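Observations on chain architecture
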Amino acid sequence: MGDHEEHGWVAPGSTPSPHAFHDPDVPSSSATPEDAVRPGAGGGVTEDPAPDMSPEPGARDAPDAPTTSGTPGTSHAPDASDAPTDSGSPDVPSAPDAAELSGARDASNATGTSDALDAPGARLASDTPDAAGATGARDVSDACEETAEGARDWWGGEHPAPTALVSERERRLSPRSMVVGPVNQLRSLLLPILFGLVVGGFNPWVLGATGAGIVALLVNGFVTWRTTRYEVGEDRLEIRKGLVRRSRRTIPLERVRGVDVTSTLLHRILGVAVVRIEAAAGSAGATEDGKLDAVDIAEAERLRRVLLHRREVLTGRASADTPDDASAPSGEGGGTDEGIVHFAVPRSWYLYGALSLGYLLTPFAVLATLFGAVQQTAGEWATDAFIDWVRDSDRSGLVMFAVAGVVIIVLLMPVFAVVSYAITHWGFTLRERDGSLVAERGLFTRRSVTLEKRRIRGYELADNPLERLRGAVRLRAIVTGLGDAAGRSVLLPIGPRGEVEAVVDRALGRYTGTLRRHPRAALVRRLLRSVGPPALAVAVAVAFGPAWTVVLTLTLTVAGVPLGVDRYRSLGHGYDGERVSVRSGSISRSQATVERSAVIGWTWSQTLFQRRSGLADLQVTVGAGAGGYTAQDASLGASVAFAADVTPDMVRPFLVDPRP
Amino acid sequence: MSGRAVGVWTVRLLMGGVFVTLMLSAAAWAVTSLGWGWPSPWVREYAPFVPLVYGTYALARAAIVPSWRYRVHRWEIAEDVIYTRAGWVSRTWQLVPVNRLQTVDHTQGWLERLFGVATLEVQTASYAGSSTIEGLDAEEARGLSEELAVRAGALRDDAT
């Protein structure tokens, strides 16, 4: 893809951007123009720390940075190769550059003490297991006073070494995972085992089989622990496991999309956590995950940090805008690995769980699982017993019982909703660290989801009519490469709109414009859509059906009127100079807001009926979230002008085109 | 867009129409002649008309739709943006900037090979942002796909 200047391109006025030509001699692994530009930009930003503070070679390069700030980072490469350690530099062109820059910054922060952090020593220290424990202490003061501690820190170990990405030694899971695995398996087998024991009357065979099973589980846990190893390489993570059938999974670190740390109650009692590494596979949509169950909590945190940082370095983005360098040593936001806390959800928000339809239905889900469990373990025996009981008890008593049960369940619905909602969202915090937003939640199973900020293209505010009555709204991120996978992109649980928007403003930047209403003709179309089908059903019911279907369909038709009006009222689109926002829906209304730069295309579609009233659906194409967000029934002319306003260079060339 | 696309569309519609008409005829024959008891008399009476009506509709469609569609379908590339217009009764306009392209597919079915046309499909990071240009001249499509790929490589940023 080198020689492409003159290809008889269709458009005569097209000006290829100059940075596209920087890449011919950069190896293909990072041959995107962005890589050629970004490190240079990083050099421009990192010039500010006073470079004369440190005699360290990496830091001495810093004065060059201002003069070469406009050029691609390759000009730094010779400096990097002069440095004492040079592992990993040949095939990772952007890595030495980025590491060297961060080295310069760190040295200036550590004010003169950095010469104590000589690279080899630091690297040795970083290989000791204690490194995990040292990650917590990352204050400026700590870094200055306790140089040894800083050097044992993985970061401390990394900064002085100009080539940062050193393969780590192979590691094992936490020994405590030997307990977690078998106990978790045992838990799912508990009911069958108990049932077997009770029905089998505790005879020696059943007891023996149960004992053997438990021993087998324990042995299995031990073997899993012994045979599972993982290794963070320069540019990949390797997970090996299996005794007989050995498997080995290699995840290139550039492909890592996110690292999630989850811990169930059991994990937390034992002080371990599950680390799940999500990676993009070659084809779109497919993912290739790595799972480590379980490692020490400190090790989990360290892994998350290391993997994400290496990914940043490998993709050439570990420069000034990644707060893993900026926030942690600078002492802002507490200076610990807590990062900046954007929001900690107050207890009162859990009450909003009663507004969520999904959680209102939990009692039924619980009942269903209960029945399922009984069915699975006791099987026909329980069914027969139930049928006998129904047959034997008298009719009026049964009806009373059923009615009472239903009433209790209905009354308990909101209570259950709030309780289960609180359990899943307990202690919800949204914080920012290492250039990512981290959402953590859960009472028993604690779950933390890391969303890289660079991949967040926008946000979505969703509510249902119940929530709208209370002015509540939920917040989700629109993230690249996550698909529409709902659970992971939740940034905040249901909360009051004002506060949620304030959080958006702090964490992502808020849409400040207003939404343009759609033409009146859209109202007619919405009403036709919501009233039409039930009205048709009424006609059918009047012609053929019994009386109650007429009543039912008539009710639906009448209910369709406010639904249609509300759908029309929620329609809107707008642009505030930075972000595009589109809103639609009634029962589940959502307003999607994406950055202007995330818009990767426009699609208008128009049916015959829309054409008669001059309307069209405008879809904003986004390479994130649901893939596209549609402004339904906008005026065609106005929507074209709107698109031209947002992305002039995409739309303008075609505006002269005669559109019907 | 190549005028031969009209041929492809016509043949395709005709084949579809003939297939469905044959199926309907078979069903109608089964209903009327096999002496099944369950269809009501009026179904048996009107069954032969169904394939007849559908056949006429399919014929009319094959005659009208391709040329109409040919008149609507347009594509244009200017200043590194692909602009397509498609449809016949319902229409779609789509803008896809070249620097957001991820893959460019050039496909040619047997019918298209017969007529010497090809389909070009450009895909972006969003499934919603994928665009197809049907009925291009085969040579032109090949050149265009290569050109687009090269151009996309040159302009490429993160493409999301």
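Along each chain, the written sequence defines residue order, and numbers are assigned to residues from 1. Chains carry letters from A onward and ligands carry numbers from 1 onward, assigned in written order. Under the rules for a predicted model, residues below a pLDDT of 70 receive no local features and side-chain atom pairs below 80 are neither given nor counted, while totals for whole chains, interfaces and linings still include all residues. Think of the side-chain values as coming from all heavy atoms in the structure, minus any hydrogens and water.

Brief notes about the overall build of chain A
Each helix and strand counted, chain A has 26 helices and 20 strands in total. The rule is simple: take the accessible area with a 1.4 Å probe, protein chains only, and divide by the maximum for that residue type; under 20% is buried, over 50% is exposed, in between is partly exposed. Expressed as a percentage of the 660 residues in chain A, the buried residues total 46%. Of all intrachain contacts in chain A linking residues separated by at least 6 positions in sequence, the fraction that spans at least 24 positions is 61%. All accessible areas in this document rest on Shrake-Rupley with a 1.4 Å probe, and a residue is counted as covered only by the protein chains that are shown. Carbon and sulfur atoms provide 63% of the accessible area of chain A, an area that totals close to 31,000 Å². Helix numbering and strand numbering both begin at the N terminus, where a helix is a DSSP run of H or I of at least 4 residues and a strand a DSSP run of E of at least 2. Whether two residues touch is decided by their heavy atoms; if any such pair falls within 4.5 Å, the residues are in contact.

Topic: the overall build of chain B
Within chain B one finds five helices and six strands. Each helix and strand of chain B, ordered N terminal to C terminal, gives the series α-α-α-β-β-β-β-α-β-β-α. A burial count over chain B gives 42% of its 160 residues as buried. In chain B, the proportion of contacts linking residues at least 24 apart, taken out of those at least 6 apart, comes to 49%. When the accessible area of chain B is evaluated, it comes to approximately 8,000 Å², of which 63% is carbon and sulfur surface.

Some details on the environment of Thr-250 of chain A
Within the secondary structure, Thr-250 of chain A is located in strand β4 (residues 247-252). Along the chain, Thr-250 of chain A and Arg-240 of chain A lie 10 residues apart, while their C-alpha atoms are 8.7 Å from each other.

Overview of the pattern of salt bridges
Residue and element names in this part refer to chain A. In the sections that follow, a salt bridge refers to a side-chain nitrogen of Lys or Arg positioned within 4 Å of a carboxyl oxygen of Asp or Glu. Counted under the stated rule, the structure contains 20 salt bridges over all chains. Residue Glu-231 pairs with Arg-240 through a salt bridge whose shortest N-O separation is 2.9 Å. Residue class for Arg-240 comes out buried when judged on its relative accessible area of 16%. The structure contains a network of salt bridges with shared partners spanning Asp-463, Arg-468, Arg-497, Glu-501, Arg-510, Asp-566 and Arg-589.

Let's talk about the sheet that holds β4 of chain A
Residues and elements named next belong to chain A. Pairing between strands is defined by DSSP: at least two bridges between the two strands are required. The antiparallel open sheet is built from four strands, whose spatial order is β1-β2-β3-β4. The outermost strands of the open sheet, each flanked by one partner alone, are β1 (171-172) and β4. Bridging between β1 and strand β2 (residues 229-232) involves two bridges; their strand directions are antiparallel. Paired with Arg-171 across the two strands is Tyr-230, which belongs to β2. Here, axes are lines fitted to C-alpha atoms. For helices the fit covers the stretch in contact, and angles between N-to-C directions go from 0 to 180 degrees. Relative to the sheet, helix α14 (residues 297-314) contacts β1, β2 and β3 (236-241), its axis offset from that of β2 by approximately 40 degrees.

Digging into the packing of helix α11 (residues 177-199) of chain A against helix α12 (residues 204-227) of chain A
Residue and element names in this part refer to chain A. For the pair α11 and α12, the least separation of the axes is 9 Å and the interaxial angle reads 160 degrees. One way to sum up the angle between α11 and α12 is to call them roughly antiparallel. Crossing handedness for the pair α11 and α12: right-handed. Counted together, Ser-177, Met-178, Pro-182, Gln-185, Leu-186, Ile-193, Gly-196 and Leu-197 of α11 and Val-206, Leu-207, Thr-210, Ile-214, Leu-217, Leu-218, Asn-220, Gly-221, Phe-222 and Trp-225 of α12 form the full contact between these two elements. In this classification, the charged set is Asp, Glu, Lys and Arg, the nonpolar set is Ala, Val, Leu, Ile, Met, Phe, Trp, Tyr, Cys and Pro, and all remaining amino acids, among them Gly, are polar. The residue inventory of the contact of α11 with α12, partitioned by class, reads 12 nonpolar, six polar and no charged. Small angles under 35 degrees read as roughly parallel and large ones over 145 as roughly antiparallel, with 65 to 115 read as roughly perpendicular and the rest as oblique. Handedness of a helix crossing follows the sense of rotation of the near helix relative to the far helix, less than a right angle counterclockwise being left-handed and clockwise being right-handed.

Re the sheet that holds strand β20 (residues 628-635) of chain A
Hydrogen bonding along the main chain pairs the strands of a sheet, whether they run parallel or antiparallel. If you walk across this open sheet you meet the six strands as β20(A)-β19(A)-β18(A)-β3(B)-β2(B)-β1(B), and the pairing is antiparallel. Taken across any chain shown, the strands that pair with only one partner, and hence form the sheet edges, are β20 of chain A together with β1 (74-78) of chain B. The mean angle between the axes of side-by-side strands here comes to 15 degrees, regardless of whether they run parallel or antiparallel. Direction of pairing for strand β18 (residues 599-606) of chain A relative to strand β3 (residues 91-97) of chain B: antiparallel, over a ladder of five bridges. The partner of Thr-603 of chain A across the bridge, within β3 of chain B, is Gln-94 of chain B. Contacts between helix α25 (residues 636-646) of chain A and the sheet are confined to β18, β19 (615-622) and β20 of chain A together with β3 of chain B, with β18 of chain A contributing the most and set at about 175 degrees to the helix. Its contacts with the sheet put helix α3 (residues 49-72) of chain B on β1, β2 (81-87) and β3 of chain B, and the angle it makes with β2 of chain B is roughly 155 degrees.

A look at the confidence of the model for chain A
All names here are of chain A. Summarising the model, chain A shows a mean pLDDT of 67, and 67% of its residues fall at 70 or more. By definition, pLDDT measures how confident the predictor is in each residue, and it falls between 0 and 100. Under a pLDDT of 50 for its full length, residues 281-286 has, in the predicted model, six contacts with residues more than four places off or in other chains. Contacts of residues 319-336 to residues separated by more than four positions or lying in other chains number 31 contacts, the stretch itself having pLDDT below 50.

Overview of the nonpolar core
Membership of the largest hydrophobic core comes to 31 residues, with the highest contact counts inside it found for Val-580, Trp-602, Trp-604 and Val-651 of chain A together with Leu-95 of chain B. Element by element, the count of residues in this core is highest for α25 of chain A, at six residues. In terms of nonpolar packing, the next biggest core, distinct from the first, is built from 29 residues, Tyr-352, Ala-439, Ala-477 and Leu-491 of chain A among them. The term nonpolar core refers to a set of buried residues drawn from Ala, Val, Leu, Ile, Met, Phe, Trp, Tyr and Cys, joined through side-chain atoms within 4.5 Å.

A short note on the side chain of Ser-530 of chain A
Residues and elements named next belong to chain A. Within the secondary structure, Ser-530 sits in helix α22 (residues 520-543). For Ser-530, a relative accessible area of 8% corresponds to the buried category. Among the polar contacts listed, one links the side chain of Ser-530 to the backbone nitrogen of Gly-564, at a separation of 3.4 Å. Apart from residues lying up to four places away in sequence, Ser-530 is in contact with Gly-560, Leu-563, Gly-564 and Arg-567. Nitrogen and oxygen atoms within 3.5 Å of one another constitute a polar contact, given that in protein one can donate a hydrogen and the other can accept it, and given that sequence-neighbouring residues count only through two side-chain atoms.

Some words on the pairing of β4 of chain A
All names here are of chain A. In the sheet, β3 pairs with β4 via six bridges, with the strands oriented antiparallel. Pairing of Ile-239 across the sheet is with Arg-249, part of β4. Here β3 folds back onto β4 in antiparallel fashion, the turn holding five residues, of which Gly-242 has a positive phi close to 105 degrees.

Quick word on the packing of aromatic side chains
Two aromatic rings are characterised by how far apart their centres lie and by the angle between their planes. When the centres of two rings from Phe, Tyr and Trp lie within 6.5 Å, Trp using its six-membered ring, the rings pair. Their planes under 30 degrees apart give stacked, over 60 give edge-to-face, and anything left gives tilted. A complete count under the given rule lists seven aromatic pairs over all chains for this structure. For the pair Phe-343 of chain A and Trp-349 of chain A, a centre-to-centre distance of 5.1 Å together with 40 degrees between the ring planes defines the contact as tilted. You'll find Phe-343 of chain A and Trp-349 of chain A in the same group, each marked buried. Between the aromatic rings of Tyr-46 of chain B and Phe-49 of chain B, the centroid separation amounts to 6.3 Å while the plane-to-plane angle is 45 degrees, which identifies the pairing as tilted. Phe-49 of chain B gets classed as partly exposed once you look at its relative accessible area, which sits at 47%. Members of the aromatic cluster, each reached through a chain of ring pairs, are Trp-602, Trp-604 and Phe-642 of chain A. By definition, being over a ring means that NZ of Lys or CZ of Arg is both within 6 Å of the ring centre and within 35 degrees of the ring normal. A cation over a ring is seen here: Arg-69 of chain B above Trp-9 of chain B, with NZ or CZ 5.2 Å from the ring centre.

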